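Structural features, examined
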Protein chains: 2
Amino acid sequence: MSDDEPRWLNTDENEAWLALARTLMRLPAALDTQLQRDQGITHFEYQVLAGLSMSPEHNLRMSELALFADGSLSRLSHVVKRLERRGWVYRTPDPDDGRYTRAFLTDDGWQKVVEAAPGHVAEVRRLVFDPLTKAQQKQLRDIGRRITNAIGAEDTCPDQ
Amino acid sequence: MSDDEPRWLNTDENEAWLALARTLMRLPAALDTQLQRDQGITHFEYQVLAGLSMSPEHNLRMSELALFADGSLSRLSHVVKRLERRGWVYRTPDPDDGRYTRAFLTDDGWQKVVEAAPGHVAEVRRLVFDPLTKAQQKQLRDIGRRITNAIGAEDTCPDQ
DNA sequence: GCATTTGACTTGATGCGTCAAGTTATCGTT
DNA sequence: AACGATAACTTGACGCATCAAGTCAAATGC
C-alpha cells in the first residue's frame, strides 16, 4: 500500500498531470457557464433532460436516469424536484412496480431540450473537438476509458 | 454563432465525449475521496497547502495562491479561513504593501502536507499514469493543453 | 493634499451536492 | 398471510462554491 519512499512524478508526468488537472477544473466550469448563460440550466440538469428526451416514451425510471446522468439517486431526486417545479418533468410511480418512480418529460421540457441542445453541442465541439486532431480524438477516447476503468472497479457510482 | 442545422457529434466523437465526460465526473471525485478518507481534506485544500509548502518561505500572497490553486479569490479566502481555524495556516497583511495578504504555512501545516503528499501522488499515479502508455501520457499533456487553450482566452479564471 | 480610482481581498446570502436517516412497496420465507 | 429483508427512492441537515456587495490600502489625478 505505502512504500518506504514514494515515487514522485517526473517532469513529463508532472506536465501531463498539470494539463489534466487544469482541464478537470475548467472544462466542466466552461460547459456549465454556457448552459447557465444561454439556457439557465446546469450541465447536470441538461443531461437529465437529454436522457429523458432520448428515451422512447420520454420517460425513465429514476435509477436508470441516475445511471445515465452519472449521479447519485439522491442528487437526481433533488434535481428532478427542481425540474418538476419548472414544469419540465413530472414523476409517477411505475404502474408495473410501485417501488420504482418514473420521470416523464413534459412538452415544455422537450421544447427546452430542443432549444438547448444545439448550443451545448456547439460548445463541446468548440472546446473539445475543434482543437484536437482526429488521432487525438481517438486517443482521448482510449485514455478516458483507461482512467475510468482504473477508478471504476471500487465505486461504480456515488451514494448507495 | 448559430447555424441553421447544428453539427451533431458523430459516432467516434460521441464515444470520445462520453469517455471524457465520465472522466470529468469521476476522477475529481475519486481524488477527493482518497484525500478525504485518509487525510480529512479536500483536493482544493491540498492544493493550497501544497502551494504554500513549495514556496521558498512557505508563504504566498492570496492572489498568487489563488492562481496556483486554480480557484477564485473568494473561494480561496473561505478555504484559508478554515485552514486557519485548523491551525495549518495564518494570514498577515504584506509588510511591503498593506493591500496584499500573505498566507503562511504553520509547522503543523507543513507536517500535514508531508503526511498527505505520498498517498495523493500514489492515487494520481494509480488512476492516471499506471493505466496509460508513455505515448498516451504525452498525448494527454498535449490534449489537455489544447482544450484549456480553447477555454483559456475568454475567462482565464473565475470570480474577479 | 484631498478625492477618486483601482486592486486585493473579505463577507454574507444563496444554491447545489452529499450524507444519513427515513418511507414505502414488493419479495421470500415460513 | 404475516414477517422481516431488500430495493428504490425521498427528505433534511450540513458543507462548500459562487456571486454580489462591502472594506481597506495604495496609487493617481487635479
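The structure under discussion appears in the preceding block.
Position numbers for residues count from 1 along each chain, tracking the sequence in the order it is written. Here every chain gets a letter starting at A, and every ligand a number starting at 1, in the order they are written. Local features are withheld for residues below a pLDDT of 70 in this predicted model, meaning they are given only at 70 or higher, and side-chain atom pairs are given and counted only at 80 or more; totals for whole chains, interfaces and linings count all residues. As a rule here, side-chain values come from all non-hydrogen atoms in the structure, and water together with hydrogens is ignored.

The tendency in soluble globular proteins is for nonpolar side chains to be buried side by side. Residue types Ala, Val, Leu, Ile, Met, Phe, Trp, Tyr and Cys, when buried and joined through side-chain atoms within 4.5 Å, form a set referred to as a nonpolar core. Here's how the labels work: a residue is buried when its accessible area is under 20% of the maximum for its type, exposed when over 50%, partly exposed in between, all with a 1.4 Å probe on protein chains only. Of all hydrophobic cores here, the largest spans 36 residues; its most connected members are L27, L127 and V128 of chain A together with W17, L27, L127 and V128 of chain B. Those residues in contact with L127 of chain B that sit more than four places away from it in its chain are I147, A150 and I151 of chain A together with L27, A30 and L31 of chain B. Residues are treated as being in contact if the distance between any of their heavy atoms lies within 4.5 Å.

This brings us to the pattern of salt bridges. Note that side chains of opposite charge can pair when their charged atoms are close. Salt bridge, as used here, is a side-chain nitrogen of Lys or Arg placed within 4 Å of a carboxyl oxygen of Asp or Glu. Tallying each qualifying case throughout the model produces 26 salt bridges over all chains. Taking the shortest distance from any N to any O, the salt bridge between D97 of chain A and R99 of chain A comes out at 2.7 Å. Across the salt bridge formed by R125 of chain A and E13 of chain B, the nearest N and O atoms sit 3.1 Å from each other. Separated into two different chains, R125 of chain A in helix α5 (residues 107-129) and E13 of chain B in helix α1 (residues 11-39) make up a pair that spans both. Taking the relative accessible area as the measure of exposure, R125 of chain A reaches 6% and is therefore buried. Accessibility expressed as a relative area gives 6% for E13 of chain B, which makes it buried. Taken together, the shared-partner salt bridges in this structure form one network comprising E15 of chain A together with R141 and R145 of chain B. Helix numbers and strand numbers start at the N terminus; a helix is a DSSP run of H or I with at least 4 residues, a strand a run of E with at least 2.

Mapping chain B onto chain A leaves a residual RMSD of 0.0 Å; the transformation is a rotation of 180° accompanied by 0.0 Å of translation along its axis. The symmetry that links the two subunits is that of a two-fold axis. Every residue of chain B has its C-alpha some distance from the rotation axis, and the shortest such distance is that of L24 of chain B, at 2.9 Å. Interface overlap between copies: 98% of the residues of chain B at the interface are likewise at the interface in chain A, consistent with a symmetric, same-surface contact. For the least-squares superposition of copies, only C-alpha atoms count, and only for residues with pLDDT at least 70 in both.

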